[in-house]
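Structural features, examined
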Amino acid sequence: MENMNWSDLAFGYMKTDYNVRCYYRDGKWGELEVSSSEIINIHMAATCLHYGQESFEGLKAFKGKDGKIRVFRMDENGKRMQSSSRGIKMAELPVEMFEEAVRKVVKLNERFVPPYESGAALYIRPLMIGLGAQVGVKPAPEYMFMVFVTPVGPYFKGGFKPSKVCIMREYDRAAPQGTGTIKVGGNYAASLVAGERAHELGYAAVLYLDPKEKKYLDECGPANFFGIRGNSYITPQSHSILPSITNKSLQQLAVDMGLTVERRPIPVEEIATFDEAAECGTAAVIAPISQIDDLDINKSYVIAKDGKPGPVCEKLYNKLRAIQYGDEPDTYGWVTVIE
Ligand code: PLP
Ligand code: COI
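Definitions and cut-offs
Residues numbered from 1 in each chain as written. Chains lettered and ligands numbered in written order. Predicted model: local features only at pLDDT ≥ 70, side-chain atom pairs only at ≥ 80, totals over all residues. Heavy atoms only, no water. UniProt positions renumbered as here; feature names shortened; annotations may be inferred. Domains from an automatic or database assignment. Contact = heavy atoms within 4.5 Å. Buried area = accessible area lost by both parts, 1.4 Å probe. Salt bridge = Lys/Arg side-chain N within 4 Å of Asp/Glu carboxyl O. Polar contact = N/O pair within 3.5 Å; in protein donor to acceptor, adjacent residues only side chain to side chain. Helix = DSSP H or I, 4+ residues; strand = E, 2+ residues; numbered from the N terminus. Nonpolar A, V, L, I, M, F, W, Y, C, P; charged D, E, K, R; others polar. Axes fitted to C-alpha atoms, helices over the stretch in contact; angles between N-to-C directions. Parallel < 35°, antiparallel > 145°, perpendicular 65-115°, else oblique. Left-handed = near helix turned anticlockwise from the far one by under 90°. Core = buried A, V, L, I, M, F, W, Y, C linked by side-chain atoms within 4.5 Å. Buried < 20%, exposed > 50% of the residue type's maximum accessible area, 1.4 Å probe, protein only. Near = heavy atom within 4 Å. Areas by Shrake-Rupley, 256 points an atom, 1.4 Å probe, with all protein chains shown as cover. Phe/Tyr/Trp six-rings, centres within 6.5 Å; stacked < 30°, edge-to-face > 60°. Lys NZ or Arg CZ within 6 Å of the ring centre and 35° of its normal.

Under an unreviewed UniProt entry, the protein has the name Branched-chain-amino-acid aminotransferase and belongs to Parabacteroides acidifaciens. Of the protein, the UniProt comment under Sequence similarities (unreviewed entry) reads exactly: "Belongs to the class-IV pyridoxal-phosphate-dependent aminotransferase family." Under the UniProt heading Function (unreviewed entry), the note attached to the protein is "Acts on leucine, isoleucine and valine."

In C-alpha cells:
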C-alpha cells in the first residue's frame, strides 16, 4: 500500500484482502469463515432479494500515532444489529460473535487501515441477509452474516466543511411506526429518490421531517441531526430515526463540556434559532450544515453565514476524533485496541 494516496480517499468501495462470513442454519450460528472472494452465491428465491430481509451496520477502525488500531464502540453496533434482526424477524447474532468478526476482519486487512496522518479510516460494514428458497411472505429459514472492510475518506465532499441540506415534505424515509429505528436496507431504498433529487439541486442531503405530522425534525438520509443554541445541544426525539452511536457519544461529550443536552421533538421553525447545526454519524462524523432550505415553502435558514464550522461543532469534532484516534484518554471505554 506504499503508493496509496490516503488523504485523497473518498467514501467508496475498494477491494481488500479478506472478508468474514457466518451462516445460521438449523437454529444455530456456525463458525466464522474467512474468504478472499468478494462474491456471494445465493438462491434467487432468498428472502433478502424479495422481501427485504437485510440489515447492515457501519463502524470504523482508526490507526493511532502509536501505530495501534482502535475500533469505536463496536458493542453498540452489535446490539443495534440485534435490534434490526428483531425488527424484521431475522436471527439474532450474539454480540460476542459480532465483535469477534470485527476484530478478525480488521486484523486480516491491517494493511488497509489508513495511516494516522491521513485522517482517513477503515470503514467496517457488517451485514445480514435472509437466505433459503421461499416465495411466501415469511421469515427465512437461514441467514448469512458477513463483514467486509474498505478504507474511506469523508462521506461528504470537503469533510468538515459546512454544506447545505433541504427539506422536502413529499418524501419519507420511514413510516411513523415503521422501520426507521433500525438499520435495514429498505429505509435506504426509500430515501434514494429524494436523495438524488436533493443532490441534483446541489444539496448534500435531505433533512426529513417526522412522517406523521411533518412538524418536527427527524434526521438526514445517512445521519442524525443536532443543533446548538447558546449552551444547549439539541437533538430530535422521534419514533422514526436511527439511534446514532455517534450522536449518543456526542451527547456525552457535550455534557462533559458543560453543555445542556435536550432530546425532544424539535419544531421545524426552531431551526431559525440555532447558532450551529450539523449531521452526525459514523460516515459523516460531524458534517456541519451551513444552510437549510425548506423547499416546500421556499424558506431558507442560513446557519453558518461565514461558511465556517461553528465553535461548538469544532470542539465536539476534535474531541471525538481525539478519542477515536487515541490522542486523548478513552475515559468511557469506547475504544477496542485490535491486538
Ligand atoms: N441515521 C441514519 C439513517 C444512518 O444511516 C446512520 C449511519 O449509520 C446514522 C443515523 C448514524 O448512526 P451512527 O452514528 O451509529 O453511525
Ligand atoms: C454510516 O454512517 O455508517 C452509515 O451507514 C451511513 C451511510 C453510509 C448509509
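Anyway, onward from the coordinates.
As far as domains go, the protein holds domain 1 (19-152) and domain 2 (163-325). Computed from C-alpha coordinates alone, the two centres of domain 1 and domain 2 are separated by 26 Å. Counting residues at the interface gives 26 residues for domain 1, matched by 19 residues for domain 2. Buried area between domain 1 and domain 2, both sides added, is near 1900 Å², and the carbon and sulfur share of it is 61%. At the junction of domain 1 with domain 2, the criterion picks out 1 salt bridge. In this structure, Lys248 engages Glu76 in a salt bridge whose closest nitrogen and oxygen atoms are separated by 3.1 Å. Between the two partners, domain 1 and domain 2, sit 11 residue pairs in polar contact (both at pLDDT 80 or more). At the level of elements, strand E4 (54-56), strand E5 (59-63), strand E6 (69-72), helix H2 (74-87) and strand E7 (121-131) are the ones that each hand at least two residues to the side of domain 1 that touches domain 2. When residues of the side of domain 1 that touches domain 2 are assigned to their parent elements, the largest contribution, 6 residues, is made by H2. Of the residues contributing to the side of domain 1 that touches domain 2, the split by class is 9 nonpolar, 8 polar and 9 charged.

Running from amino to carboxyl end, helix H6 (residues 245-256) crosses helix H7 (residues 311-324) at an angle of 110 degrees, the nearest separation of the two axes being 10 Å. In terms of orientation, H6 and H7 fall into the roughly perpendicular class. When the axes of H6 and H7 are compared, the crossing they make is right-handed. The residues of H7 that touch H6, namely those facing Thr246, Ser249, Leu250, Leu253 and Ala254, are Leu316, Lys319, Leu320 and Ile323. Grouping the amino acids of the contact of H6 with H7 by side-chain chemistry returns 6 nonpolar, 2 polar and 1 charged.

Trp29, Val71, Val106, Ile124 and Phe145 are the most contacted members of the largest nonpolar core, which has 34 residues in total. Contributions of two or more residues to this core are made by strand E1 (19-25), E5, E6, H2, helix H3 (95-108), E7 and strand E8 (142-152). If you tally residues by element for this core, the top one is H3, at 6 residues.

In the region of ligand 1, 16 residues are neighbours, and Tyr188, Glu219, Ser244, Thr246 and Thr282 sit closest. Between a nitrogen atom of ligand 1 and a side-chain N or O atom of Glu219, the distance comes to 2.6 Å. The fraction of the free accessible surface of ligand 1 (380 Å²) that becomes covered by protein chains is 96%. Broken down by secondary-structure element, the contributors of at least two residues to the shell around ligand 1 are H6 and strand E15 (276-281). Among the residues forming the shell around ligand 1, the class breakdown is 6 nonpolar, 6 polar and 4 charged.

Below, the discussion takes up the packing of aromatic side chains. Any aromatic ring pair is given by two values, namely how distant the centres are and how the planes are angled relative to each other. Throughout the structure, instances matching the rule amount to 15 aromatic pairs. Geometrically, the ring pair formed by Tyr155 and Phe156 is edge-to-face, given 5.0 Å between the ring centres and 85 degrees between the ring planes. Using a relative accessible area of 34% as the deciding quantity, one classes Tyr155 as partly exposed. By relative accessible area, which is 9% here, Phe156 ends up buried. Taken together, Phe11, Tyr123, Tyr155 and Phe156 form an aromatic cluster joined through their ring pairs. Against the face of Tyr23 rests Arg25, its NZ or CZ located 4.3 Å from the ring centre. The side chain of Arg173 reaches across the aromatic face of Tyr188, ending 5.8 Å from its centre.

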